[in-house]
Amino acid sequence: MYNEDILIIQEAIMAKSTHFYELFQPKHYNVYLDINRATKQIAGTSTITGDAKATNIAIHQKYMTISAVKADGQAVPFTFDDQTEGIHIDLGKTGDTTLTIDFTAPLTDSMMGIYPSYYEINGEKKQIIGTQFETTAARQAFPCVDEPEAKATFDLAIKFDEHEGETIISNMPEVKTENGVHYFDTTVRMSSYLIAFAFGEMQSKLTTTKSGVQVGVFATKAHQAKELDFALDIAKRSIEFYEDFYQTPYPLPHSWQMALPDFSAGAMENWGLVTYREAYLLIDPDNTAFDLKLRVATVVAHELAHQWFGDLVTMKWWDDLWLNESFANMMEYVAIDAIEPTWGAWDAFQSGDVPMALQRDATDGVQSVHVQVEDPAEIDALFDSAIVYAKGARMLVMVRALIGDDALRAGLKAYFTAHKYGNAKGADLWSALGDASGLDVGAIMNSWLEQPGYPVVTAKVVDGKLTIAQQQFFVGEGQDAGRQWQIPLNSNYDAVPTLLKDQSLDLGDYQALRQASGEPFRLNVGNNSHFIVQYDDTLLQDILANVNTLDEISQLQLLQDLRLLAEGRRIFYAAVVPLLKQFADSKYTVVTSALYTVAGNLRKFVTPDSADEKQIKAYYDQLSAKQVARLGWTPRATDDIDDELSRPTVLSAALFAHNADAVAAAHEQFTTHQDNLAGLPAATRPLILANEVKNFGSAALFDTLLAAYRQSTDASYKADLSAALTSTTDAALIAKLIVAFEDADTVKPQDLRAWFRGVLANSKGEQAAWDWIRNDWQWLEDTVGGDMEFTTYITVISRVFRTADRLAEFKAFFEPKINTPGLTREITMDIKVIETRVNLIKDEQAAVNAAIAESVK
Ligand code: BES
Ligand code: ZN
């Protein structure tokens, strides 16, 4: 009888997507886990005290065997299955209830739930156990109401097949060990996806913040102790910064940062125990490129921003995921810019996140920042870094520019006070910021959050009048749905209002305005609003004639916007080609990097090994010559950060150009460091290694580098080696690489995408990589299918393909998979992305190549 009841309830749950929290509201958990690495089994008991809102309730579980369920000490009927990921319990009553659930579960190698990471010390294979619960994997570790709103306190007790010299850490400090069981202090009220622990042999370094929070960095002993220092310092100072900025204390006794050798995401903000990929935490202080240092600093600052935004106050449901991620993505730059003002953190935002958001958000079919979602597979697919992270952060940067830091801080303080240890929705943030600033922040922001895409603002002089108008910008075909935005215009002309709320606006007599201001007319000064500008010829020529008076962000913006306008077929790519020269000798790394981003986009018009390729190489040579002479191969004592960051960019351009001096110089560097390749200067190391493989390569060199890859524990050196190895032009060696893809002792699944991309983007490897992914798709799905990165394998392909034949093959392979949960949007968008590129190349290839040939004359 009850089985049928349960079936009916299950169907109701599926149909209405009832959240389990509506049926049972947990208050406190006692979780006991016994983890056996040898048998790869977990056995445990989850004791949950809470309030039953219905007589038939459901508790999450996945991949478990449930042996007994008791309610207040009495056995109760239950069923469980992996389809609803639930245990469906017939309580026969409502109200305060203590559930006791006995279970067993496998310890799987999926980098989700409780999982082992593998590493080696001196040839000895070891493992360390860690956890990854976001978004819906806490339910693989212990039965729980695994929804962000179901906040409760947790007592964790963990036993494992422990040996001498092992350590266990968790969200809270350990309070006692009894009979081999480690007991941790009761947590604060928190969501299940933020629970974490790790055990194994570890090393650590500790320090304390001004306010007394213990900060620590943990890693396996395969690393040198000095690799922990950089992150420790950044973590400490980030916490101190946030305590001040948010005016809200860090509420736990400690903040541990743990590097795990196998990790599916980049890092994870578990409260009090943040976990990281080794690449994003450990830094060799004696040889690390500056951009990587900055990256590690911003990753640490991102996860620590979440300790408040995400952990202390959590989104009510996953549709407001952006509230977590967009905010942390902005704060990583706010924090690092505050604690290290000379590092140019915002430059990285402007040349990384901003173009990423503008590119992806211009494709019709893109998601909005705020998206309705229920299915767990769809929740993971929400984590689109270009939208939820980059565009979302840009939305918040826009708000910050609009209301200022004082109102932002006051608003945040009120928000934390109102919602701490609880949950919030986007509207709660807007109302807090609105109250603090006196602006209707919600009305402005909803136009950006709820709508996909963004506007191009056209600025024109018509009949002597300066007019501006907004329209949705598309790269590729787009349905004009008549969307409008409330656009913070940020012009350098006083006559321009703060916001463009209407479709168009007449600003009055252009000559009078131009004369009064004495400067070319500009919009979006500072590039903080999420739109691009198309100036008419009069206005653009005025700007270009005064380009040297523009600051570096404005120059980057000009190049970025022109490139997008060309991609969107609003101007001709050929018209952009000659403009590049004007920016070639900039001292600023943001300008240099924007320039080579545009130049890199010209490469798609050029067929490999053609006469056109010779021309574009000559153009690269011309563009980079002065900078190469200025910066050279060896870091100088007088280098500033711009020099340090520009050097690899211009040298890479010279090497692409096959400049004979550059090729010889890189070869010489290689020869000098032959006995210690890891000791090559980290900034140019990837170029030197790749140059050697491409121009002086042999099977012996290949084997040496592959062996070095297998041995090294330095993630940045390994990334350089992988980039070098995948650039080989030798078919036999490419075949060897493809074999290594599925050998986890060589390429860890977490690093596979970079290898795949390397071979695919190599014109001599494209076919082999494409054949591999099609043939072994099932293996890939089995290996990294549960992973947030999975869909990005498809994205990677869509960035490389440029011919009609490849488009047809892509469709033939992926269209049948279009209904796979979590893949639908990616496949649809990527077909469009490739289609758009194929059409653009067909239409403009001849003109672009002619313009390049003309420019090198
Ligand atoms: N909360 C995320 C990690 C995450 C994402 C877990 C998706 C599960 C599913 C974390 O805060 C994060 O944003 N990590 C980034 C790195 C970050 C510094 C940009 C990541 O993993 O890419
Ligand atoms: Zn995050």
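In the annotation of an unreviewed UniProt entry, the entry for the protein chain reads Aminopeptidase, and the organism field reads Levilactobacillus hammesii DSM 16381. Quoted verbatim from the Sequence similarities (unreviewed entry) heading of the UniProt record, the comment on the protein chain is "Belongs to the peptidase M1 family."

(A) Highlighting the overall build of the protein chain. Scanning the protein chain for helices and strands turns up 27 helices and 28 strands. In terms of C-alpha radius of gyration, the protein chain reaches 28 Å, essentially the compact-globule figure of 29 Å for 857 residues. Projected onto the principal axes, the alpha-carbon positions of the protein chain cover approximately 85 × 65 × 55 Å. Here the protein chain holds 857 residues, and the buried ones make up 58% of them. For the protein chain, the proportion of contacts with a sequence separation of at least 24, taken over those separated by at least 6, is 71%. Accessible surface, the protein chain as shown: approximately 31900 Å² in total, 50% of it carbon and sulfur. Charge centroids of the protein chain, computed over 72 positive and 117 negative side chains, lie 3 Å from each other.

(B) Main features of the nonpolar core. Core analysis: the biggest nonpolar cluster contains 232 residues, and Phe142 and Phe521 have the highest contact counts within it. In contact with Phe521, other than residues within four places in its own chain, are Ala459, Leu466, Ile468, Ser491, Asn492, Tyr493, Val496, Leu507, Tyr535, Leu539, Asp542 and Ile543. Among the nonpolar cores identified, the runner-up in size contains 60 residues, and Ile734, Phe741, Trp755 and Val800 belong to it.

(C) Spatial organisation of the environment of Ala657. Assignment of secondary structure puts Ala657 in the loop between helix H16 (641-656) and helix H17 (660-672). Exposure remark for Ala657: the relative accessible area of 11% places this residue in the buried category. Considered as a pair, Ala657 and Asp621 are 36 residues apart in the sequence and their alpha carbons are 5.3 Å apart.

(D) Fine view of unusual backbone geometry. Residue Glu134 is joined to Thr135 through a cis peptide bond whose omega torsion reads 5 degrees. Residue position: Thr135 is located in the loop between strand E10 (124-132) and strand E11 (153-160). Here the phi dihedral of Asn179 falls at roughly 50 degrees; this positive angle occurs in a residue that is not glycine. Checked against the element boundaries, Asn179 lands in the loop between strand E13 (174-178) and strand E14 (181-184). Residue classification places Asn179 among the exposed positions, given a relative accessible area of 73%. Notably, Arg569 is not glycine yet its phi reads approximately 60 degrees, a positive angle.

(E) Structural detail: the coordination of the zinc ion (ligand 2). Distances from the zinc ion (ligand 2) to its protein donors, namely His302 (NE2), His306 (NE2) and Glu325 (OE), fall within the range 1.9 to 2.1 Å. In terms of primary sequence, the donors binding the zinc ion (ligand 2) are separated according to H-x3-H-x18-E. In this pair, His306 sits in helix H3 (residues 290-306) while Glu325 sits in helix H4 (residues 321-339), placing the two residues 19 residues apart along the sequence. Residue His306 shares its accessibility class with Glu325, and that shared class is buried.

(F) Structural context of the side chain of Asp642. With respect to the secondary-structure elements, Asp642 resides in helix H16. For the buried Asp642, no salt bridge exists, and the shortest N-O distance to an oppositely charged side chain is 5.1 Å, to Lys587. The residues contacting Asp642, other than those within four sequence positions of it, are Lys587, Tyr588 and Thr589.

(G) Examining the pattern of salt bridges more closely. For the structure shown, the criterion picks out 52 salt bridges. One salt bridge connects Glu809 with Arg806, and the closest N-O pair in it is separated by 2.9 Å. With a gap of three residues between them, Glu809 and Arg806 both fall in helix H26 (residues 804-814), about one helical turn apart. Arg806 gets classed as buried once you look at its relative accessible area, which sits at 11%. One continuous salt-bridge network, built from bridges that share partners, spans Lys587, Arg630, Arg636, Asp639, Asp640, Asp643 and Arg647.

(H) Quick peek at the site of ligand 1. Lining the immediate environment of ligand 1, one finds 16 residues, of which Glu134, Gly266, Glu269, Glu303 and Tyr389 sit closest. Between ligand 1 and Glu303, the relevant distance is 2.8 Å, taken from an oxygen atom to a side-chain nitrogen or oxygen of the residue. Between His306 and ligand 1, the recorded distance is 3.0 Å, taken from a side-chain N or O atom to an oxygen atom. In isolation ligand 1 has 510 Å² of accessible area, and contact with the protein removes 91% of it. Within the residue set of the shell around ligand 1, elements represented by two or more residues are strand E19 (267-268) and H3.

(I) Fine view of the environment of Tyr620. Structurally, Tyr620 can be placed in helix H15 (residues 611-631). The spacing of Tyr620 and Glu450 is 170 residues in sequence and 42 Å in space, taken between C-alpha atoms. Among residues more than four places away in sequence, those in contact with Tyr620 are Tyr596, Ala599, Gly600, Arg603, Ala653, Phe656 and Ala657. Among the polar contacts made by the side chain of Tyr620, one reaches the main-chain carbonyl oxygen of Ala599 at a distance of 3.4 Å.

(J) View of the packing of H26 against helix H27 (residues 824-856). At a closest axis distance of 9 Å, the pairing of H26 and H27 adopts a crossing angle of 170 degrees. By the angle between their directions, the pair H26 and H27 is classed as roughly antiparallel. Here Ala804, Leu807, Phe810, Lys811 and Phe814 of H26 lie close against H27, whose contacting residues are Ile827, Asp830, Ile831, Ile834, Glu835 and Val838. Partitioning the contact of H26 with H27 into residue classes produces eight nonpolar, no polar and three charged.

(K) Up close: the sheet that holds strand E3 (residues 56-60). Spatially, E3-E7-E6 is the arrangement adopted by the three strands of the open sheet, whose pairing is antiparallel. The open sheet has two edge strands, E3 and strand E6 (78-81), and neither has a second partner. Taken pair by pair, the neighbouring strands of this sheet meet at an average axis angle of 20 degrees, ignoring direction. Relative to strand E7 (residues 86-90), E3 runs antiparallel, the two sharing five bridges. By the bridge assignment for E7, Ala58 is matched with His88.

(L) Fine view of the UniProt feature "binding site: Zn(2+)" (unreviewed entry) in the protein chain. On the UniProt side, "binding site: Zn(2+)" (unreviewed entry) is annotated at positions that read His302, His306 and Glu325 here. The greatest C-alpha distance among the residues just named is 8.7 Å, despite their covering 24 residues of sequence, which places them together in space. Residues in contact with His306, not counting those within four places in the same chain, are Glu269, Asp311, Asn324, Glu325 and Ala328. A polar side-chain atom of His306 sits 3.1 Å from a polar atom in the side chain of His302.

(M) A look at the sheet that holds strand E1 (residues 24-36). Ordered by their spatial adjacency, eight strands build an open sheet running E5-E4-E8-E2-E1-E11-E14-E13, and the pairing between neighbours is mixed. Edge strands, defined here as strands with exactly one partner in the open sheet, are strand E5 (74-75) and E13. As judged from the four bridges shared by E13 and E14, these two strands associate in the antiparallel manner. Bridge pairing in E14 links Glu174 to Phe184.

(N) A look at H16. In a regular helix each residue adds 1.5 Å, so 16 residues correspond to 22 Å; H16 covers 24 Å between its end C-alpha atoms and thus fits that length. When the local axis directions of H16 are compared, the greatest deviation, roughly 30 degrees, occurs at Arg647, which is followed within four positions by the proline Pro648. Buried within H16 are the following residues: Asp642, Asp643, Ser646, Arg647, Pro648, Val650, Leu651, Ala653, Ala654, Leu655 and Phe656. Looking one or two places after H16, you find His658, whose phi comes out positive at around 60 degrees.

(O) Spatial organisation of helix H18 (residues 685-696). Spanning twelve residues, H18 covers 16 Å between terminal C-alpha atoms, matching the ideal 16 Å at 1.5 Å per step. Listed as buried for H18 are Arg685, Leu687, Ile688, Leu689, Ala690, Asn691, Glu692 and Val693. Buried-residue contacts for H18 involve H16, H17, helix H19 (699-711) and helix H20 (715-725).

(P) Broad picture of the pairing of strand E24 (residues 465-472). Relative to E24, strand E23 (residues 455-462) runs antiparallel, the two sharing eight bridges. Counted as the bridge partner of Val461 is Leu466 from E24. Hairpin connection between E23 and E24: a loop of two residues separates the two successive antiparallel strands, and Asp463 in this loop has a positive phi of roughly 50 degrees. Note: E24 against strand E27 (residues 504-509), five bridges, orientation antiparallel. Each bridged residue has a counterpart across the sheet, and for Leu466 the counterpart in E27 is Gly508.

Thresholds applied
- Residues numbered from 1 in each chain as written.
- Chains lettered and ligands numbered in written order.
- Predicted model: local features only at pLDDT ≥ 70, side-chain atom pairs only at ≥ 80, totals over all residues.
- Heavy atoms only, no water.
- UniProt positions renumbered as here; feature names shortened; annotations may be inferred.
- Helix = DSSP H or I, 4+ residues; strand = E, 2+ residues; numbered from the N terminus.
- Rg over C-alpha atoms; globule rule 2.2 N^0.38 Å.
- Buried < 20%, exposed > 50% of the residue type's maximum accessible area, 1.4 Å probe, protein only.
- Contact = heavy atoms within 4.5 Å.
- Areas by Shrake-Rupley, 256 points an atom, 1.4 Å probe, with all protein chains shown as cover.
- Lys, Arg positive; Asp, Glu negative; His and termini not counted.
- Charge placed at Lys NZ, Arg CZ, Asp CG, Glu CD.
- Core = buried A, V, L, I, M, F, W, Y, C linked by side-chain atoms within 4.5 Å.
- Donors = N, O, S within 2.8 Å, 3.2 Å for Na, K, Ca; no water.
- Salt bridge = Lys/Arg side-chain N within 4 Å of Asp/Glu carboxyl O.
- Near = heavy atom within 4 Å.
- Polar contact = N/O pair within 3.5 Å; in protein donor to acceptor, adjacent residues only side chain to side chain.
- Axes fitted to C-alpha atoms, helices over the stretch in contact; angles between N-to-C directions.
- Parallel < 35°, antiparallel > 145°, perpendicular 65-115°, else oblique.
- Nonpolar A, V, L, I, M, F, W, Y, C, P; charged D, E, K, R; others polar.
- Pairing = 2+ DSSP bridges.
- Expected span 1.5 Å × (residues − 1).
- Bend = angle between axes of the 7 residues up to and from the residue.

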